[in-house]
Structures are given as C-alpha cells and as structure tokens.
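Structural overview
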Amino acid sequence: MKYVLVTGGVVSGLGKGVTASSIGLVLKSCGLRITSIKIDPYLNTDAGTMSPFEHGEVFVLDDGGESVLEKERKGEYLGKTVQVVPHITNAIQEWIERVAMVPVDGKEGPADVCVIELGGTIGDIESMPFIEALGQFSYHVGPGNFCLVHVSLVPVLNVVGEQKTKPTQHSVRGLRGLGLTPNILACRSTKELEDNVKEKLSQFCHVPAANIVTLYDVSNIWRIPLLLQDQKAHEAILKVLNLESFAREPKLDEWVARATIFDSLTDTVRIAMVGKYNGLSDSYLSVLKAPDAYKAAWNSLKGADGILVPGGFGDRGVQGKILAAKYARERNVPYLGICLGMQIAVVEFARHVMNLSDANSTEFDPDTKTPCVVFMPEGSKTHMGGTMRLGSRRTFFKVADCKSAKLYGNVTYVDERHRHRYEVNPDMVPEFENAGLKFVGRDDTGKRMEIIELPSHRYFIGAQFHPEFKSRPSKPSPLFVGLIAAASGQLDKMLQDCPNGHVVSAKHHLSNGSYTSTVLQNGHAKKLVNGLPNGTYYANGNGVHA
Ligand code: GLN
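Worth saying up front: this structure is predicted, and the values here are computed from it rather than measured.

1. Let's talk about the pairing of strand E3 (residues 113–118)
With 6 of 6 residues buried, E3 lies mostly within the body of the structure. Going residue by residue along E3, you find Val113, Val115 and Glu117 tucked away on one face and Cys114, Ile116 and Leu118 tucked away on the opposite face as well. The pairing of strand E2 (residues 34–39) with E3 spans 6 bridges and is classified as parallel. Counted as the bridge partner of Lys38 is Glu117 from E3.

2. Points about the site of the ligand
If you check the shell around the ligand, you find Gly311, Gly312, Phe313, Cys339, Leu340, Gln343, Glu363, Arg419, His420, Arg421, Tyr422 and His466 and nothing else. A distance of 2.7 Å is found between a nitrogen atom of the ligand and a side-chain nitrogen or oxygen belonging to Glu363. Between a nitrogen atom of the ligand and a side-chain N or O atom of His466, the distance comes to 3.1 Å. Calculation on the ligand without its partners gives an accessible area of 300 Å², and the protein chains cover 100% of this total. Of all elements in the fold, only helix H14 (340–352) and strand E13 (413–420) reach the threshold of two or more residues within the shell around the ligand. Looking at the shell around the ligand residue by residue, the classes come out as 4 nonpolar, 5 polar and 3 charged.

3. Observations regarding the packing of aromatic side chains
Summed over the entire model, instances satisfying the criterion amount to 9 aromatic pairs. Residues Trp222 and Trp255 carry aromatic rings whose centres are separated by 5.9 Å and whose planes lie at 55 degrees to one another, so their mutual orientation is tilted. A residue pair is termed long-range when its members are at least 10 positions apart, and Trp222 in the loop between strand E6 (212–216) and helix H8 (224–230) and Trp255 in helix H10 (residues 253–264) qualify at 33 residues. Of the residues examined, Trp222 reaches a relative accessible area of 22% and is grouped as partly exposed. Cluster of aromatic residues (ring-pair linked, three or more members): Phe349, Phe432 and Phe439. A cation over a ring is seen here: Arg258 above Trp255, with NZ or CZ 4.5 Å from the ring centre.

4. Structural notes on the sheet that holds E13
The 8 strands lie next to each other as E7-E8-E9-E17-E16-E15-E12-E13, forming an open sheet whose pairing is mixed. Single-partner strands in this sheet number two, and they are strand E7 (271–273) and E13. When strand polarity is set aside, the average angle formed by the axes of neighbouring strands in this sheet is 25 degrees. Bridging between strand E16 (residues 449–453) and strand E17 (residues 460–463) involves 3 bridges; their strand directions are antiparallel. When the bridges of E17 are listed, Glu453 appears paired with Ile461.

5. Overview of the nonpolar core
Ranked by internal contacts, the top residues of the largest apolar core, which has 39 residues, are Ile307, Tyr335, Val346, Cys372, Phe432, Leu437 and Phe439. Listing elements by their share of this core, those giving two or more residues are strand E8 (306–309), helix H13 (318–331), H14, strand E11 (370–375), strand E14 (422–424), helix H16 (429–434) and E16. The element that contributes the greatest number of residues to this core is H14, accounting for 8 residues. Apart from the residues lying within four places of it in its own chain, the contact partners of Val346 are Cys372, Val373, Val424, Phe432, Leu437 and Ile452.

6. Comments concerning the packing of helix H1 (residues 16–29) against helix H9 (residues 233–240)
The geometry of H1 relative to H9 is characterised by a closest axis approach of 10 Å and an angle of 80 degrees between their N-to-C directions. Taken together, the axes of H1 and H9 lie roughly perpendicular to each other. Along its contact with H1, which presents Ile23, Val26 and Leu27, the element H9 presents His234, Ile237 and Leu238. Among the residues making up the contact of H1 with H9, the classes are represented as 5 nonpolar, 1 polar and no charged.

7. Description of the side chain of Ser477
Turning to its location among the elements, Ser477 is positioned in the loop between E17 and helix H17 (478–487). Residue classification places Ser477 among the buried residues on the basis of a relative accessible area of 3%. Contacts of Ser477, omitting those with residues within four sequence positions, involve Pro467 and Ser471.

8. What about a positive patch on the surface?
A cluster of like positive charges, contributed by Lys28, Lys107, Arg472 and Lys475, occupies part of the molecular surface. Tracing the sequence through the fold places Arg472 in the loop between E17 and H17. Take Arg472: its relative accessible area is 37%, and that puts it in the partly exposed class.

9. Considerations on unusual backbone geometry
Residues Val85 and Pro86 are joined by a peptide bond in cis, for which omega reads 10 degrees. Non-glycine residue Asn410 carries a positive phi angle of around 55 degrees. Mapping Asn410 onto the fold places it in the loop between helix H15 (403–407) and E13.

10. Details of the sheet that holds strand E10 (residues 359–361)
With respect to topology, 3 strands assemble into an open sheet ordered E10-E11-E14, the strand pairing being mixed. Strand pairing shows two members of the sheet lacking a second neighbour, E10 and E14, which therefore form its edges. Pairwise comparison of adjacent strand axes, ignoring direction, gives a mean angle of 30 degrees for this sheet.

11. Looking at empty space enclosed by the protein
Counted by the stated rule, this structure contains 1 cavity of 30 Å³ or more. In this structure, the largest cavity spans a volume of roughly 40 Å³. Together, Thr19, Ile23, Val149, Ile184, Ala186, Val213, Leu228, Ala233 and Ile237 line the largest cavity. Elements that contribute at least two residues to the lining of the largest cavity include exactly H1, strand E5 (184–189) and H9. A per-class count over the lining of the largest cavity returns 8 nonpolar, 1 polar and no charged.

Reading the values: rules and limits
- Residues numbered from 1 in each chain as written.
- Predicted model: local features only at pLDDT ≥ 70, side-chain atom pairs only at ≥ 80, totals over all residues.
- Heavy atoms only, no water.
- Buried < 20%, exposed > 50% of the residue type's maximum accessible area, 1.4 Å probe, protein only.
- Helix = DSSP H or I, 4+ residues; strand = E, 2+ residues; numbered from the N terminus.
- Pairing = 2+ DSSP bridges.
- Near = heavy atom within 4 Å.
- Polar contact = N/O pair within 3.5 Å; in protein donor to acceptor, adjacent residues only side chain to side chain.
- Areas by Shrake-Rupley, 256 points an atom, 1.4 Å probe, with all protein chains shown as cover.
- Nonpolar A, V, L, I, M, F, W, Y, C, P; charged D, E, K, R; others polar.
- Phe/Tyr/Trp six-rings, centres within 6.5 Å; stacked < 30°, edge-to-face > 60°.
- Lys NZ or Arg CZ within 6 Å of the ring centre and 35° of its normal.
- Axes fitted to C-alpha atoms, helices over the stretch in contact; angles between N-to-C directions.
- Core = buried A, V, L, I, M, F, W, Y, C linked by side-chain atoms within 4.5 Å.
- Contact = heavy atoms within 4.5 Å.
- Parallel < 35°, antiparallel > 145°, perpendicular 65-115°, else oblique.
- Patch = residues over 30% accessible without salt bridge, like charges linked within 9 Å, V, L, I, M, F, W, Y side chains within 5 Å.
- Salt bridge = Lys/Arg side-chain N within 4 Å of Asp/Glu carboxyl O.
- Lys, Arg positive; Asp, Glu negative; His and termini not counted.
- Charge placed at Lys NZ, Arg CZ, Asp CG, Glu CD.
- 1 Å grid on protein atoms, 1.4 Å probe; cavity = no way out; pocket = protein on both sides within 12 Å on 5 of 7 lines; lining within 4 Å.
- Points joined across faces, edges and corners; volume = space filled by probe spheres on them.

Now the structure itself:
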C-alpha cells in the first residue's frame, strides 16, 4: 500500500478536502485503484453526536468505527496508563493500516494508493498526536511508499499583486519541526504562482520547483483535478511513490466536459431548504426580529421552485418544517424529505389529510395519542449498545410504477445509508395508504418504511435514508436529480426519454455552421459532431435546453 498524506497550513478552509479528493481522482484516472481516509483530530468518541454546526454534517459510510477508549474498556491495556505515545499513536497507525486495506471500489483486494486527509492546520494542539503518529508511520512504511502533499496559502497583499511566500515557509518549518517533510506543495492563491515565487518557495521549503503546484481560483470546483493534471502533479506524486511505470496518462475527458457544462449553465433552480437555524433561537436580538425573519422565510419559501427538508434531531423548528411540507403538498411544489424530512411529511399528512390533529412523532411528543412515527431500535452486531440504525441497509421497491423506482433506473432494490432512531409506525401504514400516501420502498421485513410518495403530486418524495451520502459528481443521487428535474419542469420528459440516466451536453458552435458536443451520460464522456442523442439536455451559453 502506498500512502499520500494531505496536510494543511497557514489557515483553515483552504480546500484540503477538495485537493485530497482531486488527487485521488487524477491518480485513479492514471489507472490506479484508490481509497481514502479522512482524519478529524477531535476527541469525540461518537462523532455522530456532534452538531452539524461544529464541522458540517456527519458523513455516514457503509460501516462504523472503533476507538482507543473501547479498547481500554475491553481491558486490552491490562490496567496500564493509556498514553498519547505510544498507545494513541500506535492505535492511529494500526487504524490507518487496517482501514486502508478495505477496498472501496467493489473490487477484490486492497487498493494501490490510500489518500489520507488530515483535518485541521499544522500547529493545532489537537492534531499533534496524529502528526506524531504519521511521522512514525512514514518512517515505518519507508521511502517510496509515502508522499506528503502540503496545502498552503500564498496571499496576495498589495495592489501590485505581490505573492507572499512567508506564511508557507513558516508552516513548512512547523511541519519539519514535527518530523514530516513535504514532497509536494499545493499553494492556494488567486493567480498562478510566478516562477520567481516558486523558486523562492523551493529554496526555503526544500521542495523541487516541479513539485510546487498552484491551486489558483477557478470558475468551478470540477476544474481542480484539471489544474493538478495541467501542472503535472500526478507525475510528481507517482515519482515519489515509485509508481511511474504502473500508471498511464490521466484521462479526464469526463471532467473537462463537466467543468465546461457547468460554466455554460445560466438558469437557476431555486430550492428552499427548511432546517433549523441557530441564529433565530440563540440570541435575544433575533427574538425581537423573529416576526420579520418569519415573514422573510415564508417569502423565500414561496419564491422557490422546490422544497427540501433535510435530516435533523430534536423538536426545534419542527413546526415550521411541517408548514413547509403542507405548503409543498397543497401547492403541488416539488418536495424531497430526507430522514426527518420524510417523518415530517408523514406527520403533516396524518394531521391535515387524515384529520388526526394530534398525530406526532414520539421523538417530539413521547405521550402523543397518535404516534405515527415511533422509536424502533435495531439490534446491531457491529454497534453494541447503540440505538441508532446506522450505515447501509437495503430498500426494496414495492411499487414498480413509481417515480423513485424509475429515477433509480427501474431496479428492484437500492442500498442506501441510514442514520436514525425513529420510523413510520408500521401499524398505521394501511390507514395512510388508504388515504393516498404510498410507501413504495420498504426494508426486507416489510416493516420499516423507506420511501414515501404521493402519486397524485408532481414530485412529493420522502426517504428514511440519506441519499446525499452516495451522491457522486458522475452519479448524482437519483432523488436529488428528480427534485431538480421536477423543480425545473423537466421530470416527465426526463423519465420518458432517458430511462437509463440522463444525458447532458455542452454544445459548441463552429464558424462553419456545424457544432461539436461533449456528451455526459451516467458519468461517461463522448465527443460528437453535429448530433445529439434523444432526450439530451444541452447547454450552449443561453441556458439549458431539452
Ligand atoms: N431524528 C430522526 C430519527 O432519529 C431523524 C434523524 C435524521 O434525520 N437523520 O429518526
């Protein structure tokens, strides 16, 4: 196994995550098999309990995790003191080696390269044990197996536009002081680095100029892998890892097409996301302003082409979400409810269509007389004592002729990721179905409701799982594609014309009257001259056309 470690210096929010995934992508397009690890250096043992306001929404994978504390509780340290060095640093290394070996591409055997992103900024106290562990680790795996990419900032300070190297010099010095030597510098800056700036960095940071790439500001995120390729970052990394002879030239046509299409899109679809907002409840000032905020929120909801109610925990903001679901249902506005958003839609339907005015989820009212969403713990072999239904579970389509089954490509089942404790009360399902709310996807026992639909509505779908976790640039989650298509009035045509994944294309008119297009279908790019397949959505600078 070869490792690429991505660290960050100077300031946070530089785009380490985008850089790490773009590196993975470019190496993958060189024909290598890639896996990745993201390390967030915080002390929480159960990251799932962190508020999304802390570090963004917790990203759920197919499986779960394990920690040093668990090992201590199992008595594996035999009563000895548990120390940062060697216990935590050893645990970190063992954990990296174990997780790196798990293939993520569905193929047999481990990947060729594991890209590790270390969260935080060099110098943070929190990340010290990880840096120490990774320093030991680089020594342990040996030269040729470890490549350190340091993402840093080169600010432009004055009107002359001088690019300043000092912050990067300092952060590389910090890295060296901790026993790690960067092989590649990825410098964030507004413009491409001048040659003399590169030379200066090279001299002070002891990194060859050929190994210094600039991640300058570009029009969209899909251009980052292309920037890396243009500046031959893959060649530098492959050389450090002794992989040159195993790799081919990267093929990134699909990404060129995606980046080009993105830049030529001009029409906006407005999706209102109805969640709970800290500001409204946490400060005194906002209480005073609440009526204005309420009015403004309704106005933006009414101006939206579609409504999304995402997942969430606790009862704050629930009333507003129920009102949003009601508005979407009654006004035929496309609606996608994720996890809590599906449960909200069910409560709303029970209250206002079935006239069960006290219907509720037992999460919000444990004593409700009409519990239409109830606590349903699931015995799990991997998560002892946990009550959360977490990770990948299978959903079977019960109704073939529904929008969600069609969007998923007429499959009989889908595997999606979950993160919840409450579910639709199975005892009330027949009542709901009689009233018109259909449970079109269920688990293998038929007792857990996974997807709801209102067949009479333009697009009213709720999923107990989180489709966002498996959404990819080349394979956007079908339920999101459905929401956008419905919100822009293209859903019916899309389902009719392109049952096997829609086609998008960038069209370029040539001076001789003909045109070329780069077509993207299910993530694969094709170049065409004077022709577009049926059901293509194309962009040519004047918006998107069907
Ligand atoms: N709070 C709800 C539950 O636990 C929904 C969770 C979520 O949206 N992820 O079931």
